[in-house]
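Given next are the chains, with one letter for each unit.
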Amino acid sequence: MNTDTAPKKAHHGRNIKRLREMLGIKQETIAIDLDVTQQSVSDMEQKEVIADSILEKVAKTLNVPVEAIKNMSDDTTINYINTFNDTVTNNNGAPFSYNYNCTFNAIDKIVELYNEKEALYERMLKEKDALLEKFLSK
């Protein structure tokens with residue numbers, strides 16, 4: 001049998017680590033979702049085969065299908081990531097696309113919130129002055 005053409009067995013832990021790093025998710029985040037320690041997640045990433053129940057929880061945390069973790073190879077990693085970023089499924093299983101295009105300017109929102117806070121502070125001062133005058137006039 002020619003070993004060059006034999007399919008390579010997926011390494012679940014390595015695939016989790018690859019996906020996690022590509023998506024910018026820390027081990028601590030997965031640990032919190034699984035209610036385990038960060039060290040447990042590190043140990044899990046070293047295992048070749050991981051139980052399906054754990055794979056499902058990790059896949060949910062990473063927002064990827066379980067099949068991605070089970071079947072991912074070095075060659076298909078980038079394709080999986082690109083597919084997941086384009087279309088994912090919501091809790092009902094219906095596909096939807098993320099829209100990463102902001103429709104507002106973050107700096108404008110900060111300025112707007114600051115102005116609202118300032119107006120609220122001014123109103124509070126006026127009410128305080130009115131209450132103080134009322135109290136002193138008695």
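Scroll up to find the structure this text is about.
Thresholds, definitions, all that
- Counting starts from 1 at the beginning of each chain's written sequence and moves along it residue by residue.
- Two thresholds apply to this predicted model, a pLDDT of at least 70 for residue-level local features and 80 or more for giving and counting side-chain atom pairs, whereas whole-chain, interface and lining totals are computed over all residues.
- Computation of side-chain values covers all heavy atoms of the structure but excludes hydrogens and water.
- We define a salt bridge as a contact between a side-chain nitrogen of Lys or Arg and a carboxyl oxygen of Asp or Glu at a distance within 4 Å.
- Only protein chains enter the accessibility calculation, which uses a 1.4 Å probe. A residue is then buried if its area is under 20% of the maximum for its type, exposed if over 50%, and partly exposed in between.
- Put simply, DSSP marks the helices as runs of H or I at least four residues long and the strands as runs of E at least two long, and each gets a number from the N terminus on.

S.K.: Looking at this structure, I do not really get the pattern of salt bridges. What am I missing?
M.R.: Between side chains of opposite charge, a pair can form when the charged atoms approach closely. On inspection of all chains with the given rule, the structure shows three salt bridges. Note that Glu21 is salt-bridged to Arg20, the shortest N-O span being 3.9 Å. What makes Arg20 buried here is its relative accessible area of 8%. Glu45 is the salt-bridge partner of Arg20, the closest N and O atoms lying 2.6 Å from each other. Of the two residues, Arg20 sits in helix H1 (residues 12-23) while Glu45 sits in the loop between helix H3 (38-44) and helix H4 (52-62), which places them 25 residues apart along the sequence. Of the two residues, Arg20 and Glu45, both sit in the buried class. One network of salt bridges, with partners in common, ties together Arg20, Glu21 and Glu45.

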